[in-house]
Amino acid sequence: FATLLALVLWEVTLSNFYFKRPLSVTNPIFGRIPGPGLYVEGKEGFARSYINDQGLRVMPTFETLHDAKNVLLLGDSFTQATHVPAKQTFTWLVQERLGNNYNVINAGREGTSANQYIGLSAPIKELFKPDVVVIQLNISDFTYDAFDTKQSLYFTKTEQGFELQHNNSFVSRSPLATRFDAYRVRARRIEAE
């Protein structure tokens, strides 16, 4: 009984104080996204966050009017803000400031950049039906990320301006994901033989 109780207490402690993520899943539109469930962040701050089946952070309910305008906040981990409590996020602060005439949607996703927002604008528009879109950007969105050919979406310079490219051979930079991608390639070769 003592051993079982110790294991339960250890699990409760880990669940509340250790950074633990559910497995990622593949979404047909958005690619690899965080799996739904509870995230406990403890690296940059401490917060418990719930991620929905679209890979987005679930925010507390804010009572808005029936005809409230949708304000969509796009951004990376700064917008997603899993490292701070929900009512301290930029999304919540904007919601409080705008009041019940607006419904502020946190569509921040760790590791995204302007390339993804532009490349996925049609499904984002269809899914969220925003009246206003606010995009959080940082310097890497204009320098490194935008032209990195190893990203899933990247820009190339043309005579007319810039063109968005899809990288069909995209491989994640995550060591674990890279290992799984290597296993998938190996399995395809074996199937082909």
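Notes on the structure in this doc start here. Only a predicted model underlies this, so the values are computations on that prediction, with no experimental measurement involved. (Residues numbered from 1 in each chain as written. Predicted model: local features only at pLDDT ≥ 70, side-chain atom pairs only at ≥ 80, totals over all residues. Heavy atoms only, no water.)

## Things to note about helix H3 (residues 90–98)
- Taken residue by residue, H3 has Thr-91, Trp-92, Val-94 and Gln-95 as its buried positions. With its buried residues spanning 160° around the axis, H3 presents them on a single face.
- Contacts from the buried residues of H3 go to strand S5 (69–75), helix H2 (77–80) and strand S6 (102–108).
- Gly-99 lies just past H3 and shows a positive phi near 85°. (Buried < 20%, exposed > 50% of the residue type's maximum accessible area, 1.4 Å probe, protein only. Helix = DSSP H or I, 4+ residues; strand = E, 2+ residues; numbered from the N terminus. Arc of directions from axis to C-beta. Contact = heavy atoms within 4.5 Å.)

## Quick look at the environment of Phe-90
- Relative to the helices and strands, Phe-90 resides in helix H3.
- Note: C-alpha distance between Phe-90 and Leu-73 (17 residues apart in sequence) is 9.3 Å.

## Quick look at the layout of surface pockets
- Each pocket or cavity is described by its volume, and for the second largest pocket that value is around 230 Å³.
- Contributing to the lining of the second largest pocket are 17 residues, with Met-59, Asn-103, Val-104, Ile-105 and Asn-106 lying nearest its centre.
- Elements that contribute at least two residues to the lining of the second largest pocket include exactly H3 and S6.
- In terms of residues, the lining of the second largest pocket owes the most to one element, S6, which gives 4 residues.
- Split by residue class, the lining of the second largest pocket holds 9 nonpolar, 7 polar and 1 charged. (1 Å grid on protein atoms, 1.4 Å probe; cavity = no way out; pocket = protein on both sides within 12 Å on 5 of 7 lines; lining within 4 Å. Points joined across faces, edges and corners; volume = space filled by probe spheres on them. Nonpolar A, V, L, I, M, F, W, Y, C, P; charged D, E, K, R; others polar.)

## Regarding the packing of aromatic side chains
- This structure, assessed with the given rule, holds 2 aromatic pairs.
- An angle of 75° between the planes, with centres 5.5 Å apart, marks the rings of Phe-62 and Trp-92 as edge-to-face. Of this pair, Phe-62 sits in the loop between strand S4 (47–51) and S5 while Trp-92 is found in helix H3, placing the two residues 30 residues apart along the sequence.
- Of the residues examined, Phe-62 reaches a relative accessible area of 25% and is grouped as partly exposed.
- Aromatic pair Phe-147 and Phe-162: ring centres 5.7 Å apart, planes at 50°, arrangement tilted. One end of the pair, Phe-147, is in helix H7 (residues 144–147); the other, Phe-162, is in strand S9 (residues 162–166), with 15 residues separating them in the sequence. (Phe/Tyr/Trp six-rings, centres within 6.5 Å; stacked < 30°, edge-to-face > 60°.)

## Considering the sheet that holds S6
- What the 3 strands build is an open sheet, ordered S6-S5-S7; its pairing is parallel. Edge positions in the sheet fall to S6 and strand S7 (132–135), since each has one partner strand and no second. Strand after strand, the sheet turns through a mean of 20° between neighbouring axes, direction not considered.
- Sitting on the sheet, H3 is in contact with S5 and S6, with an inclination near 170° to S6.
- Of the strands in this sheet, S5 and S6 are in contact with helix H5 (residues 121–128), which crosses S5 at around 140°. (Pairing = 2+ DSSP bridges. Axes fitted to C-alpha atoms, helices over the stretch in contact; angles between N-to-C directions.)

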